[in-house]
Structure formats: structure tokens, C-alpha cells
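Breakdown of the fold
The lines below spell out each chain.
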Amino acid sequence: MFGIVPRSIMSGQKRRRRLFPVSPTPSVIRGLHYTNVYRSRSAISGQKAVLTEAVKAIKPDEVQKRHVTGDVISPGQVMGIEHLRDPRLNKGLAFTLEERQALGIHGLQPARFKSQEEQLELCRISIQRYQEDLNKYLYLTELHDRNEKLFFRLLSENIEHLMPIVYTPTVGLACQKFGLIYRRPRGLFITINDIGHVYDVIKNWPEPNVKAIVVTDGERILGLGDLGACGMGIPVGKLALYTALAGIKPHECLPIVLDVGTNNQNLLEDPLYVGLRQRRTTGKLYDDFVDEFMQAVVKRYGQNTLIQFEDFGNHNAFRFLDKYREEYCTFNDDIQGTASVAVSGLMASRRVTGKKLTENTFLFLGAGEAAIGIADLTVKALENEGLTEEQARERIWMVDIDGLLAVDRPEGNLEGHKKFYAKKHPPMKDFKAVVEEIKPSILIGASAAAGAFTPEILRMMATFNERPIVFALSNPTSKAECTAEQAYTNTDGRVIFSSGSPFGKVTVGEKVFHPGQGNNAYIFPGVALGVLLSGIHHISERIFLIASETVANHVSDTDLQRGSLYPPLSSIKEVSMQIAMKILDHAYEERIATVYPKPKDMRTYVQENLYKYYYEPALVPTWGWPDHPVVKTRAYPKSERKFYQPKETL
Ligand SMILES: NC(=O)C1=CN([C@@H]2O[C@H](COP(=O)(O)OP(=O)(O)OC[C@H]3O[C@@H](n4cnc5c(N)ncnc54)[C@H](OP(=O)(O)O)[C@@H]3O)[C@@H](O)[C@H]2O)C=CC1
Ligand SMILES: CC(=O)C(=O)O
Ligand SMILES: [Mg+2]
């Protein structure tokens, strides 16, 4: 049945019997007795055999381990063309000749061999050839579907260029065009019609080991409003950043849309709309549905599954955070993640202004998830500088759709945390008048009211302050309260600016500014990594303050001089790791970690658990496969088999 590798192969080594591939028996297949490919080209062609470096036998438990960690999936199901069609396993032209032969894919690809580096170069060239960002998005989506490791390496190593494509602003456009561009499924769509069967739907997800979920009901997608099921682009984009920025393994991540309908009349009438064509379910049925979803997640994946709420409507977001934060491992990114990144920017700004946070007057445009989240965490930061909660709230003024939050305003609309910031002040509707009246040193926009920070308002900020601070946090770019250029030019370049979506550099006179991106992408990947690795059950505000401090401590003097309150996006992976390590330290100190024993060295522990996007030798059965006998081939000339290192970068 089995051949034996000729003695010559084993020369110079301890002689061992080796099975030479012929055909497997069912019991062997079930037993997962795989080894890396060891048959060399010359062995196959009957010439003098030379062992390849992939000769090491991989023991069954190793296969099992790698299967479980998702580094390699069980190869039993993926021989032949299916191996190329599986994005986890596909390496494109990087399969060696031996792998191609043993996997039964020899001849299914062109003759060339290409290293991952060469493939990356091709990806970069391809992306640059697309003029439209949406086409770049589609290219990356297709790459994600085709070759996971290549996609994540490309994204991770070119984050400055590609984050604006997979994330804000382009992801907003992708959601708006979702019905048009939808091709292949990614993530779960659970509809209100599935109530009573949510667990069964979740069970259809093929991955057994999900650890993190990003879920939306599509009601407030960025600043674009209710996009219903088209909001799926957001969990997909956020989770792509989980992997690219924090090394969380892709198979542990699950994007979910809870489709309860949409109140967006355009979508309801759009023949291309792919969600439920009905108005939003609300009230008890909706709440029961979300309750059932939360319980089903825990039943399927365990109580430590991290559930990130994203882009829910304001009225639900706060309720769910309050309802679930002590019951589940959950956080709301728009409230808490945004708060954390904004407060981090405020902390870093102290080094530019020389002022303590307590010396500022804060004015918010918007009093929703983002703005209230930031205000609440700012209060904590002010308390840390010595104020009482009441004193801290006194320094924070807010404006919503009805104007200044004032105790006696006729509209009321002061529910939830808004009431904490409502002032005993005559009601005011006009935002410019409020700015004039309050004379803030810090102006923060999270309203999706595009252009609300008019040149006049920006000029006022520059008259009140030597270094005015202006954050235009609304996404996508089209919803920003002002552009970076408007901010700098209307303040003689004195503004300390950041924005939710990226803006390019701005030149004012001799000076060039590179504004930073005040986006929760600096926070949620690192928080998720720290939470998952420590096994924290509930995510406190302290965790988000730790994340703020960590990001702020990572801002260099050079960053500040360039005009940015944030570290460059290119260092965001390191920032995420630092956040995770700080959370781990905190979790063990506070005895809220549930992963034991405590790791000896946090950095090593974190690093060992990160996703690896480099190709690995394919795991293949040593004995070939019944339907895929190993194809013999003549020796390839060395020049054809050589990989080269490309020099170009994006
Ligand atoms: N940079 C980042 O990381 C993040 C940015 N964001 C962005 O922030 C924006 C708001 O998101 P979010 O807070 O979740 O949304 P919400 O709907 O919860 O809040 C919006 C707030 O803005 C107010 N508002 C709306 N229009 C106006 C207006 N013309 N004048 C004054 N106030 C107005 C609303 O008033 P009312 O309360 O009366 O309805 C509400 O308080 C979005 O564009 C989102 O993309 C969000 C999260 C993270
Ligand atoms: C960034 C983000 O979460 C938002 O704009 O909603
Ligand atoms: Mg969001």
C-alpha cells in the first residue's frame, strides 16, 4: 500500500521510515494523519530525491490545533479546485510545485510561482488603476472573498491608504449602494421574521469558534441615517479592522445585521433593496427580538462572546447599553468608543495648549450617542483632574436639533443624559449665537450637520482662543461639520483640529498641517483584543479611559507639531496592542480577568495570539487523494521557480 522514501532522501539524517503517498484508507482520513508535503520534485519524477524544507511531520494534534486556531482549516474538505476557492487556504500562485501536486491543483493555475510579496505588488497596482473609491472597495471585497491572508496583509500594511476604502468614508457609499454591489454573503442577516428561531439562524454560521460580533440594525449608519439591511457594510468594515488593526482572527469575528425593516422610504421603494421591505418593527416585539438575539449568541458561542453594538438609532443605543452592560460582554462603539477617542485627543491637546482640561469650556453640536458619550467620559477625565461631577458638567454645553440644552426650553427633548448638561440659561436656537454667547475653547461636532461650523463660527473660535480646538467628528466626509481646510484657513492655522473621516494635508502660508483622524478605530480594535485575551465579562468606563490614556501617550511631539492629536494610522497596530496590554494589566490587577494562569509576559502573550497573515506551507495528506492522484511533471527550471521581492509600495 505505502511506498517508502528511498534511502538517499534520508542521507545525513537519522534514518526513519516514511510513508510514500499512494492512496488513503478511510480510517487514515478520519484520523487526520497529515504531514506537510515532503515529496520533492525529484522524488516524484524518480530522480535523485531531495527533501524540501516542509519535510517536518506535523502530528495529528498539531493539525487539530491549527484547525482550531483557524490558521489552517482541516484539509480533508479542501482538496483540488476547492482548495483554491477557499479564501482561508488559497495562496494563489504562491503554492509551491509540491503543494500543487499534492493538493491536486497542478495545472489549475498558470505555471508561474509568485511570492506573497509579488502578489501584494500586483494588488497595489490593481487598486491604483481604479479611479473610483467604490471600485477600489469592490476590488478589496473580492480579494477578501478570494484570498484572506493576502487581503489582511495588504490592508494591514497599507492602512493609511486603504482604511478610507474599507472604512469611512467609502464604506458609507458602499452601504448606500449595497443592493447594487451585493455579490457574495458575508455575515448573518437575522430578520424579525426569525423571532423564535434566532438560535437556529446563528447555528447556520459555519464557524464554531466565534469570539466577537459586531451587530447593527442599520437605523443610523454613520451620518447617513436609516439604511436598513444595507448597513451590513459597517459590521463587515469594523471587523476587517479587528483583524487588520488588532490581529483578531477573522474566523472569530461575525458581522450581523438585525433586519427589522426600514423607515427609509427611498429604500422601501427601491427595487434593488435587499432587506425586508417593511417599516421598522418597534416596541415590545423589537425588544424581545434583540433579547432573543443576545441569549442566542451566548447559547451558541458562550458568555464571553464580545458583542459590539454599532450604528443603532439613538433611542435604542442608550437603552441597550444600560440594559445589557452588566448582563453581557458588550459595549456600544458609537457611545463609548467615540468617547474614548475624543477624550484621548483632548488629553493630547493639553501638551499643545499648556492648559489643563478643567481650564476649558466645551461646546458640543449634537447631543446624541457620540456627543453624550464624549461628554460623559470628559466628565470622568475632569474628575480625574480634581473637579466634582457637578463642576465638570457645568463646563459642558450642548446643542441639539432644538438648540441649546436649556432647562426651560419649550421643546423639552431633554431625556436620558441630556438632562445632566441642560443649563439654567434662556433657550437659544441659533448655533452661531450660542458660540458667541458661550465662547468655548473646545468645539466638538457630532451631529451629522454638514458644514455647521461655518467660516464665521471658526473665525469666532480664533478670536476667543489663541489655540482653538475644533473636532468635526461626523462621518462620512460629506457630513463633517467643517473640512480641515476650512478649519485651518479660518483660524490662521492656529486651530487644533481633528475629524471623524480623513482629510489630506492643508497648507496655510509656510506651514503644512496633517490633521489626525478622531475616529473610534483607534479604540475598538485594541479594546476588543484586551477584552478577549483577558476574558473580562463586563466592559467598564475605566477600560475606555485606559484606552484614551494609552492612545494619548502614544502621540509624539512630532505628531503634535504636524497638527495631529493622534498617532499616525501606520502605528495603529502597535497602539491597539498597547491598549490590549494595559487592559490586561488592569484586568489582572482588579481581578476581573477570567483567563488563568496570568500570562508571565503580556506582550508575548498578546503577540502569540495574533492572527498571522503570512502564508504557511499547505497541510496536505502525504498519501495524495483518491480523486487527485499526484500529477507527475518534469523539473521546472530554477529561474521559473524563483520568487523575487518587489520594491514598489503603494
Ligand atoms: N468619529 C467617530 O469615531 C464617530 C463619529 N460619529 C458620527 O457622529 C455623528 C452623530 O452620530 P450619533 O451621535 O451616533 O447620532 P445621534 O443620532 O445619536 O445624534 C445626533 C445628534 O445631533 C443632533 N442634531 C442633528 N442635526 C442637528 C442640527 N442640524 N443641529 C444641531 N444638532 C443636530 C441630534 O439632535 P436630537 O438629539 O435633538 O435628535 C442628536 O443629538 C454621525 O455622523 C456619526 O457618523 C459617530 C460615532 C463615532
Ligand atoms: C465611526 C463610527 O462608528 C460612526 O461614524 O458611526
Ligand atoms: Mg458607528
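Basis of the calculations
- Residues numbered from 1 in each chain as written.
- Chains lettered and ligands numbered in written order.
- Predicted model: local features only at pLDDT ≥ 70, side-chain atom pairs only at ≥ 80, totals over all residues.
- Heavy atoms only, no water.
- Near = heavy atom within 4 Å.
- Polar contact = N/O pair within 3.5 Å; in protein donor to acceptor, adjacent residues only side chain to side chain.
- Areas by Shrake-Rupley, 256 points an atom, 1.4 Å probe, with all protein chains shown as cover.
- Nonpolar A, V, L, I, M, F, W, Y, C, P; charged D, E, K, R; others polar.
- Core = buried A, V, L, I, M, F, W, Y, C linked by side-chain atoms within 4.5 Å.
- Buried < 20%, exposed > 50% of the residue type's maximum accessible area, 1.4 Å probe, protein only.
- Contact = heavy atoms within 4.5 Å.
- Pairing = 2+ DSSP bridges.
- Helix = DSSP H or I, 4+ residues; strand = E, 2+ residues; numbered from the N terminus.
- Axes fitted to C-alpha atoms, helices over the stretch in contact; angles between N-to-C directions.
- Phe/Tyr/Trp six-rings, centres within 6.5 Å; stacked < 30°, edge-to-face > 60°.
- Lys NZ or Arg CZ within 6 Å of the ring centre and 35° of its normal.

The next subject is the site of ligand 2. Lining the immediate surroundings of ligand 2 are Y167, R220, L222, K238, E310, D311, D333, D334, N475, N519 and N520. Contact distances for ligand 2 include 3.0 Å between an oxygen atom and a side-chain N or O atom of E310. Bound to the protein, ligand 2 loses 91% of the 210 Å² it would expose on its own. In terms of residue class, the shell around ligand 2 is made up of 2 nonpolar, 3 polar and 6 charged.

What follows concerns the nonpolar core. What tends to happen in soluble globular proteins is that the nonpolar side chains get buried as a cluster. Membership of the largest hydrophobic core comes to 128 residues, with the highest contact counts inside it found for Y242, M398 and V527. With residues near it in sequence (within four places) discarded, M398 still touches L363, F364, G366, A367, A371, I372, A375, G403, L404, L405 and Y421. One finds I192, I256, V260 and I307 within the second-largest nonpolar core, a separate group that totals 32 residues.

Taken together, the 5 strands give an open sheet; going across it, the order is β4-β6-β5-β7-β8, and neighbouring strands pair in parallel fashion. Every interior strand has two partners, whereas the edge strands, β4 (188-191) and β8 (330-332), have only one. Pairwise comparison of adjacent strand axes, ignoring direction, gives a mean angle of 25° for this sheet. With 3 bridges connecting them, strand β7 (residues 306-309) and β8 associate as parallel partners. Note that in β8 the partner of F309 across the bridge is N332. The strands that helix α24 (residues 524-534) touches are β5 (212-216), β7 and β8; relative to β7, the one it contacts most, it runs at about 160°.

Tallying each qualifying case throughout the model produces 22 aromatic pairs. When the ring of F309 is compared with that of F312, the centres are 5.0 Å apart and the planes differ by 45°; the resulting orientation is tilted. Like F312, F309 is buried. Taking 4.4 Å as the distance between ring centres and 10° as the angle between the ring planes, the aromatic pair formed by Y488 and F513 counts as stacked. Taken together, the residues Y488 in helix α23 (residues 484-489) and F513 in strand β16 (residues 511-513) connect sequence positions 25 residues apart. Members of the aromatic cluster, joined through ring pairs, are Y286, F309, F312, F320, Y324 and Y328. Over the ring of Y199 we find K299; its NZ or CZ atom is 4.1 Å from the centre of that ring. For K419, the ring lying beneath its charged end belongs to F420, and the centroid distance is 5.2 Å.

Purely geometric numbers; function is a separate question.
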